[in-house]
Amino acid sequence: MATPTPAKQHIPTSTQAVATPPVSTPFSTSNFPHPAFSPHGHGHRSVVPSPQQVKKSPANSQTLYGYPSGGNHPTNSSFGVGYDSPSAAMALGGGMDLGIDGGLGVGAGGIGGVGGARGDEEERRRKLGVVVEILKANKGHLSEPGMERLAKRVGLECLWETHMGSSSGTPMRTLVIAGSHLALEIDFANNVVKKVALSFPESPEIVTRHTDKAGDILLRDLQFGEGEGPLTKMLDKFAGNLERLANADKLSTEGLNCHEAIAGIYESLVKLHLWEVEKLGKEGEMAGKDGDFIERMALCAKSGKPVMHTRDRLGLSLDYWESKRRLARKTKSKEDVQTWSLLVECAPLSSPLFPALRVSSNWLSTDIQKANPVGELFSDDSFGLVLDWLEPENTLLTATEPPGGDAMEGIGQTSGKKVPEVMLVARFDPPLIVPMTLAMQIYNSTSVQFDVFSQTNTFDGLMFPHGPNESVEPGEARTIETETEVPVFDSNGERTVHTHRNTLLIEKIDYGRTMTELPFSHPRQLVEMLPYLRQYAFLTTVLGKTFGGKAKHIQKVEVSPQKSKRDAFKDFMSQSSPLPKSPKDAKTTSKSFKMDVTLTTQPLRLRVVFPFKQETADVMFDIKLNGVVEVVSQNILGGDGKGKGKGLTVGDLGRMLEVCEDLGTWVEFVRRRLG
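Residues numbered from 1 in each chain as written. Predicted model: local features only at pLDDT ≥ 70, side-chain atom pairs only at ≥ 80, totals over all residues. Heavy atoms only, no water.

Examining the overall build of the chain
Stage number 1. Counting secondary structure elements, the chain contains 17 helices and 20 strands.
Stage number 2. Counting the 675 residues in the chain, one finds 40% classified as buried.
Stage number 3. Contacts spanning at least 24 positions in sequence make up 61% of the contacts within the chain whose residues lie at least 6 apart.
Stage number 4. Accessible surface computed for the chain: about 39,100 Å², of which carbon and sulfur atoms make up 53%. (Helix = DSSP H or I, 4+ residues; strand = E, 2+ residues; numbered from the N terminus. Buried < 20%, exposed > 50% of the residue type's maximum accessible area, 1.4 Å probe, protein only. Contact = heavy atoms within 4.5 Å. Areas by Shrake-Rupley, 256 points an atom, 1.4 Å probe, with all protein chains shown as cover.)

Brief notes about helix α16 (residues 650-660)
Stage number 1. All buried positions along α16 are accounted for by Leu-653, Gly-654, Met-656, Leu-657, Glu-658 and Cys-660.
Stage number 2. Buried residues along α16 sit in contact with α13 (523-547), β19 (615-623), β20 (629-633) and α17 (663-674).
Stage number 3. Of the residues trailing α16, Glu-661 is marked for its positive phi of about 55°.

Focus: the packing of helix α7 (residues 211-222) against helix α8 (residues 236-251)
Stage number 1. At a minimum axis distance of 8 Å, the contact between α7 and α8 shows a crossing angle of 145°. Each of Ile-217, Leu-218, Asp-221 and Leu-222 in α7 lies in contact with α8, whose residues at this interface are Lys-237, Phe-238, Asn-241 and Leu-245.
Stage number 2. Residues that form the contact of α7 with α8 fall into these classes: 5 nonpolar, 1 polar and 2 charged. (Axes fitted to C-alpha atoms, helices over the stretch in contact; angles between N-to-C directions. Nonpolar A, V, L, I, M, F, W, Y, C, P; charged D, E, K, R; others polar.)

Structural notes on the packing of aromatic side chains
Stage number 1. On inspection of all chains with the given rule, the structure shows 8 aromatic pairs.
Stage number 2. The interplanar angle of 70° and the centroid separation of 6.1 Å between the aromatic rings of Phe-459 and Tyr-536 together place this pair among those described as edge-to-face. You can see Phe-459 sitting in helix α12 (residues 459-463) and its partner Tyr-536 sitting in helix α13, a full 77 residues away along the chain. Taken individually, Phe-459 and Tyr-536 each receive the classification buried, so the pair is uniform in this respect.
Stage number 3. With a centroid separation of 5.0 Å and 85° between ring planes, the pair formed by Phe-621 and Trp-666 is classed as edge-to-face. Pair noted here: Phe-621 is in strand β19 and Trp-666 is in helix α17, with a separation of 45 residues, a long-range link.
Stage number 4. Overall, Trp-666 belongs to the buried group, its relative accessible area being 0%.
Stage number 5. Through a chain of ring-to-ring contacts, the aromatic side chains of Phe-593, Phe-610, Phe-612, Phe-621 and Trp-666 assemble into a single cluster.
Stage number 6. For the cation-ring pair, Lys-289 lies above Phe-293, with the distance from its terminal atom to the ring centre recorded as 5.0 Å. (Phe/Tyr/Trp six-rings, centres within 6.5 Å; stacked < 30°, edge-to-face > 60°. Lys NZ or Arg CZ within 6 Å of the ring centre and 35° of its normal.)

Some points on the pairing of strand β4 (residues 192-199)
Stage number 1. With 7 bridges joining them, strand β3 (residues 183-189) and β4 adopt antiparallel strand pairing. Bridge pairing in β4 places Leu-184 opposite Leu-198.
Stage number 2. Two successive antiparallel strands, β3 and β4, enclose a turn made up of 2 residues, where Asn-190 displays a positive phi of approximately 55°. (Pairing = 2+ DSSP bridges.)

Regarding the pattern of salt bridges
Stage number 1. Tallied over the full model, the rule gives 32 salt bridges.
Stage number 2. Among the salt bridges present, the one from Asp-312 reaches Lys-237, with a minimum N-O distance of 4.0 Å. Of this pair, Asp-312 sits in the loop between β5 (305-310) and β6 (313-322) while Lys-237 sits in helix α8, and the two are 75 residues apart along the sequence.
Stage number 3. Taking the relative accessible area as the measure of exposure, Lys-237 reaches 51% and is therefore exposed. (Salt bridge = Lys/Arg side-chain N within 4 Å of Asp/Glu carboxyl O.)

Quick notes on the side chain of Asp-662
Stage number 1. Its location among the elements puts Asp-662 in the loop between α16 and α17.
Stage number 2. The buried charged residue Asp-662 lacks any salt bridge, with Lys-545 as its nearest oppositely charged partner at 5.2 Å. (Lys, Arg positive; Asp, Glu negative; His and termini not counted.)

A short note on empty space enclosed by the protein
Stage number 1. Per the stated rule, a full pass over the model turns up 2 cavities of 30 Å³ or more.
Stage number 2. In this model, the largest cavity occupies a volume close to 300 Å³.
Stage number 3. Taken together, 21 residues line the largest cavity, and the ones lying closest to its centre are Leu-245, Ala-248, His-259, Ile-262 and Gly-315.
Stage number 4. Elements with a minimum of two residues in the lining of the largest cavity: α8, α9 (258-281), β5, β6 and β7 (339-348). (1 Å grid on protein atoms, 1.4 Å probe; cavity = no way out; pocket = protein on both sides within 12 Å on 5 of 7 lines; lining within 4 Å. Points joined across faces, edges and corners; volume = space filled by probe spheres on them.)

Focus: the confidence of the model for the chain
Stage number 1. Per-residue pLDDT for the chain has a mean of 79; in total, 70% of the residues score no lower than 70.
Stage number 2. Here helix α15 (residues 583-586) stands out as the least confident element of the chain, with mean pLDDT 42; β7 is the most confident, with 98.
Stage number 3. Note that residues 1-83 has pLDDT below 50 and, in this model, 79 contacts with residues that lie over four places away or in other chains.
Stage number 4. Within the model, the stretch residues 576-590 combines pLDDT values under 50 with 11 contacts to residues more than four positions away or in other chains. (pLDDT = per-residue confidence, 0-100.)

With respect to unusual backbone geometry
Stage number 1. Along the chain, Asp-429 connects to Pro-430 via a cis peptide bond; the corresponding omega equals 0°.
Stage number 2. Examined against the element boundaries, Pro-430 turns out to sit in strand β12 (residues 422-435).
Stage number 3. That bond from Gln-602 to Pro-603 is cis: its omega, -5°, falls within 30 degrees of zero.
Stage number 4. Positionally, Pro-603 belongs in the loop between β17 (593-600) and β18 (605-612).
Stage number 5. Although it is not a glycine, Asn-191 sits at a positive phi angle of roughly 65°.
Stage number 6. Unlike most non-glycine residues, Glu-661 shows phi in positive territory, near 55°.
Stage number 7. With respect to the helices and strands, Glu-661 occurs in the loop between α16 and α17.

Quick word on the packing of α9 against helix α10 (residues 291-301)
Stage number 1. Between α9 and α10, whose axes approach to 9 Å, the crossing angle comes to 120°. Relative to α10, α9 is oriented oblique. Between α9 and α10 the crossing geometry is right-handed. Taking contact as the criterion, the partners of His-273, Val-277, Leu-280 and Gly-281 in α9 are, on α10, Ile-294, Glu-295, Met-297 and Ala-298. (Parallel < 35°, antiparallel > 145°, perpendicular 65-115°, else oblique. Left-handed = near helix turned anticlockwise from the far one by under 90°.)

Focus on the environment of Leu-397
Stage number 1. You can see Leu-397 is positioned in strand β10 (residues 397-398).
Stage number 2. In the structure, Leu-397 is positioned 21 residues away from Lys-418 in sequence and 5.3 Å away in space, judged by C-alpha atoms.
Stage number 3. Non-local contacts of Leu-397, meaning those with residues more than four positions away in its chain, are made with Thr-253, Glu-254, Gly-255, Leu-256, Gly-416, Lys-417, Lys-418 and Pro-420.

Regarding the environment of Phe-489
Stage number 1. Note on placement: Phe-489 falls in strand β13 (residues 478-489).
Stage number 2. Residue classification places Phe-489 among the partly exposed residues on the basis of a relative accessible area of 45%.
Stage number 3. It is 9.7 Å that separates the C-alpha atoms of Phe-489 and Phe-669, two residues lying 180 residues apart in sequence.
Stage number 4. Look past the residues within four positions of Phe-489 in its chain and what remains in contact with it is Glu-494, Arg-495 and Arg-672.

Printed below as a string of structure tokens:
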């Protein structure tokens, strides 16, 4: 026996039709702006409803259909019929079935609810996407099930192996994570990782020689740190490295090994780096310098330093800049040193016109330099030499489909072959802010289309984001005020702290671009752009110490003309420096010292103005390629460019800024040596 469905209320058929008297609500006749929109087409009808009709009308109920969707009162309805009519029920998405669907299941409720159902479905899809993104950010906790879920999420296969009779008596389980060209074995004992082994089966020696170093990084990612335990250890750091391995493995196919392609680029770059270090060691300026200092100079002034699996990150990094590069390092710790690098990875080919990935370790000749560099556009100016770059042959794969009419030129001629749908990508770590014109030149050097309108921020707005209460005037000059504490040491080694009140003026507004990643096809393209990147890495360091996040920013507060004397006195007292409580405090407290800095991006220039010897010092620096500082003009040395009896030259002023990388420290040095 069929169970009746309460959701549908069938209207009697035509053979059993019952006449329905005209029913109206108090609001049925108030919504016809024109007689043509009347149900009868003859203007408003005047029907006095009975109390029973008014009571049963949806307009007087608290249900959804008692109010229109466009307002909070029934008189705001835009429908041209009464609320209690069948046509209104259909328009409002009611569940009434007219019995005319003919077996198709389309009734008044189905027609009226199409738009609403579609909107609800899109909203549910949007919310589901938000939830998925939140879940993606959470990589989970360290455990056997959590590790297996993470590996499957990145597209790798998992297999468990149980080892019986371990020496410690604790059962040991091994999770084998496998891809097409890699295998990762993780030994667990009670959800605690004991060992990690990474291998690349069927890969050449240039790949496998780095597996031990990579395995050590993965093991550190899974070991408990300070304050961590089985219930709190997260997989975030390990997940980032595993995703990079999985990404390269998924892009690898039969005849293409992305791990080998990255290792081949490393082989050519490390050969170039060692050659440059050897030549630098023979120069007179490097006499007496240790090997670490010479390597650092090659990193910051030559072709960079390639490193495989470094700073707890798997993959190839081309380091091109380090902070405090000219300071001697007594310890091997680099916690307070920031390194700028290009992370070389593989990515899906973005366009069939862009050069595809080539697998080779011969990007540079064995001689490194060209014997007769006649008519060459690019050269190593510091050595006066031209590097002998090579062009490896295209890597061709077996085509699964015959080449079409839009095949790349020269590739379609090879029957049954195709280029990989993979390209090389350099990711900036950290992202680097450069002017728009330089960004266009960098993109053009790698034959990548540059989208001018994808980011239209100003250079200063990217480097120093505007505050929530800061007024922004397009095209107008911008000033940033900060307060910093600069440590100063006297001749006896006694430390005092000077307070600097700094003002940065950006007089000419220039557009900028944050460089995050860049497709390329040849390592030569990366080496050639490094001198330009170092300019702005150095600028970021210098300005960041004086005007960056660690400095105390001074908010500009507009003074009201109606301020009372009591409020004015309170503001005055708050700005006054407190009296020192003891002689010890007196050594660390001083009157604010004012320094003004003007930034120009084209050419890259800093102008520093500060009080000096009852006068005003004015020094202008140009930041050249490779972060070299050159003094363009100054008024603190004698007419011959030398300090009176101090032994300082104009070149020393520029080199001192290269050493300290801090405008406040540089100013205190000048005041102490020349004051």
